[in-house]
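Reading the structure
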Amino acid sequence: MNPEFQRNLWLEAGPRRWAWTAVVLAAVYGAAVLIGGQFPLHALGVAGAAVFLVAALLWAPRIAGRAVADEVMQRTWDFQRLSALTPWEMAWGKLFGATSLAWIAASTGLVLATVATGMTGGGDRVLQAAISGIGAAVLLQAGSMALALVGVRRARAEGRSGAFRFTLGGLVGLIVVASALAKVLPTRGQGLGGPMEWITAGLGKVVWWGLAIPGGWFLAGSLLAFAAWALVAAWRLMRLELQMENFPWAWPLFALFAGVWAAGVVNAGVGARFAVAGAVFAACAYASAFAEPADRVRLRRFADALAARDLAGAAYAAPAVIAPVKLAALAVIGVALSPHGEGAAAPPALLVLAAFAFLLRDLGVVAYFRFGPRPGRGDFGAVLGLFLAYFVGGVVGSQIGGQTGMALFTPSPVQPAIAAVSGGVQAILVWILAWSRIRAPERSDG
Amino acid sequence: MIAAQNVVYDYPSARALHGVSFTVAKGAVLALVGPNGAGKSTLMRCIAALDRPASGTISVAGIDTHADPRGVHAALGYLPDFFGLYDELSVRRALVYAARSRGVPESAAAEAAARAAARVELSDRMEQRAGELSRGLRQRLAIAQTLVHSPSVLLLDEPAAGLDPEARRSLSDLIRRLSGEGMTILVSSHILAELEDYCTDMLMIRDGRVAGEGVISAGARSQGDSASGTRIRIAFSQAQPDLAARLADLGFLVEKAGADEALLVLSPGDDEAGALARLVGAGLMVRAFTPLRTSLEEAYLEEARKPAAGASS
């Protein structure tokens, strides 16, 4: 047996915890039957779904994140990093060992909900919901662990100890993004209305790259695919923790996958597809800018490798933000080259170019703050800087120069040319400042 | 066994190591000493391949920490200054997990755990939870976890910190035993008097640089220049008016001589027993024969006064 899985079973699934879990589950299901009155099966199904939601989508992701963060807090992480376990053994041992009890509780809920709904004529929807539930659980748990690993890397590189805050923030961000995505997904011309609606309501067809797919199956398949990516992320980040180097294929491929996936559900012409993919690439770029450690040693190694034309060395040290930015640039070109007259859904090429210029500026702002003298405060400084640049800049600009003034600080659809030029100039200036910080030598008073 | 060459390590806001170079021979017990914030722990983490230097190379048992960090992990045991244990696990389970996670096959894990427990004298507490152990016993368990896969190199960062005198003595005994088994050990500590008991070499780190002349061996820790040999204070039972001349005739370098007392410097090739035999053989009544060695603390202070070696910036 995987020793990490076994250790987690020893710690997390002891007899006392087993007993308490059994008591709580028995109480919940017993109460459901009592409250259900004439419809005990239906009540059990609802209770089962609720248990699954709580255990698999709330409890287990929290434990999965803490499986790494607690090792750091309890000072056992270095011991683990020295182990002979492979990164995959370490990742799945923690992921499914630490959450074993939560999975057992969730399984009872899933089985009850599936059986109850199946017996009351749920048809395909039961299977869709079960697969979607498992996919969502794995996605959230592996995502939570990946976020914890990102937090650990950042904390170490930036001389801090707290990693769980980042996990929590990232998890909330993940749910918010999932909610936002779910709302914009077209189903019968309407949004899904929220990420959980699929449990209770039937979904229409989703047209994805011209294929009409039943909404439930589309959701289940998408969740499984993103869950697989989350597992890849946890494994790749674990490799880094165990001091192994990663050739950077996973993040660019994921960004490409996410862009293609999102572009597929936009059925409003090639330009619009490129624009949506570009927005996803930009989101990936922002995520990388915040998620990667502010490690100027690695950046210098990247610059040195480039100067020496050592492309393999440069690839290993390349900042993760580069790949999604390149993809976003390709998306901008795609929008510009898309045939005209395909409908109003495609944004003007100049506006997309302006958005790209502001993306570059924003990444410069993030780098400037995160590579500052106090990296621990970099995130807050970057968010504040972006808020001031967009909101205060936009308000001041519009007060002084109306739409033209506003276009100086935001990718304005009214004056996209001015916005593109202004964004480009700001990007250059901000990156000069950021680069001066990145290149600044370390003090010699270590 | 350990070779560091020009190691530079940067934290986000400051450089912690400035071109540190040194080597440690197989079987040596190296005391890594220096003031707080000197870079000892950072250096240990780099040797353990847990942190990657900005430049320079480190090899452990012939394995480069950058090229094969996992190979280095397998070759060594590392106990950080602030270590943690799985408090809910019994000593047996903690050691079995440590063995399994360090690559010991499942069939041999129980035996490896028992052997490691015996090495640190924890065999009688195998069923006790780690959280119930005293600080000294926790330290022993942590060391047992680092030893369970029989590494060839052991890195101990401030292992005696917070231990009571009895636990410290027990730790010293353990390190001596491990050293006797041929393990190469690197120990950092502020308690220099204890390092004296078991260290064969000393390396002082100051402001991220190697202080003085680098690694100095215990044999060279005699008063005066190590290149000129050990100094010996000798007292004779009878006064000799021509003592200086007689000693010079016997081939000794006489630093100072009175009627019944002398201070000699042995040639680098001379051993102390041979010198004593020559004196007795010449009919001199030797009352006391005292090789003059400095304590580790004195050597530390002496090194601290010398300019840094191997500094690159």
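Residues numbered from 1 in each chain as written. Chains lettered and ligands numbered in written order. Predicted model: local features only at pLDDT ≥ 70, side-chain atom pairs only at ≥ 80, totals over all residues.

1. Quick word on the overall build of chain B
Secondary structure assignment for chain B yields 10 helices and 15 strands. Counting every position in chain B, which comprises 313 residues, the buried fraction comes to 45%. For chain B, the proportion of contacts with a sequence separation of at least 24, taken over those separated by at least 6, is 68%. (Helix = DSSP H or I, 4+ residues; strand = E, 2+ residues; numbered from the N terminus. Buried ≥ 20, exposed ≤ 12 C-beta atoms within 10 Å, placed from the backbone. Contact = placed C-beta atoms within 7 Å.)

2. Thoughts on the overall build of chain A
Summing up its helical and strand segments, chain A has 18 helices and 2 strands in all. Buried residues in chain A amount to 45% of all 446 residues. Put simply, 68% of the contacts in chain A that link residues at least 6 apart link residues at least 24 apart.

3. Thoughts on the interface of chain B and chain A
Taken together, the contact between chain B and chain A spans 33 residues of the former and 30 residues of the latter. Elements supplying a minimum of two residues to the side of chain B that touches chain A: β2 (15-24), α2 (69-75) and α3 (91-101) of chain B. Residues that form the side of chain B that touches chain A fall into these classes: 17 nonpolar, 9 polar and 7 charged. (Nonpolar A, V, L, I, M, F, W, Y, C, P; charged D, E, K, R; others polar.)

4. What about the confidence of the model for chain B?
Residue and element names in this part refer to chain B. Chain-level pLDDT for chain B is 85 on average; 90% of the residues reach the 70-or-more range. Within chain B, the lowest mean pLDDT, 69, falls on helix α10 (residues 296-305), and the highest, 95, falls on α3. Counting interchain partners and residues more than four positions distant, the pLDDT-below-50 stretch residues 222-228 has 12 contacts. Reported for the predicted complex are a pTM of 0.83 and an ipTM of 0.82. (pLDDT = per-residue confidence, 0-100.)

5. What to know about the pairing of strand β8 (residues 184-188) of chain B
All names here are of chain B. Counting buried positions along β8 gives 5 out of 5 residues, so the element sits mostly inside the fold. Alignment of strand β3 (residues 29-33) against β8, held across 4 bridges, turns out to be parallel. In the sheet register, A31 faces β8, and the bridge partner there is V187. Pairing of strand β7 (residues 153-157) with β8, which is carried by 5 bridges, proceeds in the parallel orientation. If you follow D157 over to β8, its bridge partner there is S188. With helix α6 (residues 165-180) bridging β7 and the parallel β8, this β-α-β connection has right-handed handedness. (Pairing = 2+ DSSP bridges. Right-handed = clockwise from strand over helix to strand, strands pointing away.)

6. Here we look at the domain arrangement of chain B
Its domain assignment divides chain B into domain 1 (2-220 + 301-305) and domain 2 (226-291). Computed from C-alpha atoms alone, the centre-to-centre distance between domain 1 of chain B and domain 2 of chain B is 41 Å. (Domains from an automatic or database assignment.)

7. Describing the sheet that holds β2 of chain B
Residue and element names in this part refer to chain B. An order of β2-β1-β4-β5 is seen for the 4 strands of this open sheet, with the pairing classed as antiparallel. The outermost strands of the open sheet, each flanked by one partner alone, are β2 and β5 (63-64). Sheet topology note: the strand β4 (residues 55-60)/β5 ladder contains 2 bridges and is antiparallel. When the bridges of β5 are listed, S59 appears paired with D64.

8. With respect to the confidence of the model for chain A
Of the residues in chain A, 86% reach a pLDDT of 70 or more, and the chain-wide mean stands at 85. Here residues 184-200 of chain A is modelled with pLDDT under 50, and outside its nearest four sequence neighbours on either side it reaches 30 contacts, counting other chains as well.

9. Observations regarding the sheet that holds strand β14 (residues 261-265) of chain B
Residue and element names in this part refer to chain B. One open sheet holds the 4 strands; their spatial order is β13-β14-β12-β15, and the pairing between them is antiparallel. Only two strands of the sheet have a single neighbouring strand rather than two, namely β13 (253-257) and β15 (286-291). The average angle at which neighbouring strand axes cross in this sheet is 25 degrees, direction not considered. With 5 bridges joining them, strand β12 (residues 231-236) and β14 adopt antiparallel strand pairing. (Axes fitted to C-alpha atoms, helices over the stretch in contact; angles between N-to-C directions.)

10. Things to note about the packing of helix α12 (residues 270-291) of chain A against helix α16 (residues 349-370) of chain A
All names here are of chain A. Look at α12 against α16: their axes get within 10 Å of each other, and the N-to-C directions meet at 5 degrees. As summarised for this structure, α12 and α16 are arranged roughly parallel, according to the angle between their axes. In this structure, α12 uses A275, G278, A282, A285, A289 and F290 to contact α16, whose residues at the interface are V352, L359, L363, V366 and A367. Considered class by class, the residues forming the contact of α12 with α16 number 10 nonpolar, 1 polar and no charged. (Parallel < 35°, antiparallel > 145°, perpendicular 65-115°, else oblique.)

11. Examining the packing of helix α11 (residues 250-264) of chain A against helix α15 (residues 322-337) of chain A
Residue and element names in this part refer to chain A. Remark: α11 packs on α15, axes separated minimally by 8 Å, with the N-to-C direction vectors making an angle of 35 degrees. Remark: the crossing between α11 and α15 carries right-handed chirality. Packed against α11, whose contacting residues are W251, P252, A255, L256 and G259, the element α15 presents A323, P324 and L327 at the interface. (Left-handed = near helix turned anticlockwise from the far one by under 90°.)

12. Looking at the environment of G423 of chain A
Residue and element names in this part refer to chain A. With respect to the element layout, G423 can be found in helix α18 (residues 416-439). Overall, the presence of 26 C-beta atoms within 10 Å leaves G423 in the buried class. For G423, the contacting residues outside a window of four places in its chain are A354, A357, F358, R361 and P411.

13. Description of unusual backbone geometry
Glycine aside, negative phi is the norm for most residues, and most peptide bonds take the trans geometry. Residues and elements named next belong to chain B. Here the phi dihedral of A61 falls at roughly 55 degrees; this positive angle occurs in a residue that is not glycine. Tracing the sequence through the fold places A61 in the loop between β4 and β5. What makes A61 partly exposed here is the crowd of 16 C-beta atoms within 10 Å. Its identity as a non-glycine residue notwithstanding, E158 has a phi of 50 degrees, on the positive side. With respect to the helices and strands, E158 occurs in the loop between β7 and α6.

14. Re the nonpolar core
Counting 119 residues, the largest nonpolar core has A106, A142 and A234 of chain A as the members making the most contacts within it. If near-sequence neighbours (up to four positions away) are discounted, A106 of chain A is found in contact with V51, F52, A55, A56, A60 and A137 of chain A. V20, A28, A94 and A130 of chain B belong to the second largest nonpolar core, which has 85 residues in total. (Core = buried A, V, L, I, M, F, W, Y, C linked by C-beta atoms within 7 Å.)

15. Focus: the pairing of strand β9 (residues 201-206) of chain B
All names here are of chain B. Most of β9 sits inside the fold, with 5 of its 6 residues counted as buried. Sheet topology note: the β3/β9 ladder contains 4 bridges and is parallel. Within β9, the position partnered with V33 by the bridge is M204. With 2 bridges connecting them, β9 and strand β11 (residues 216-217) associate as antiparallel partners. Residue pairing for β11: D201 is matched across the bridge by S217. The hairpin formed by β9 and strand β10 (residues 209-210) contains 2 residues between the paired strands, and D207 there has a positive phi angle of roughly 50 degrees.

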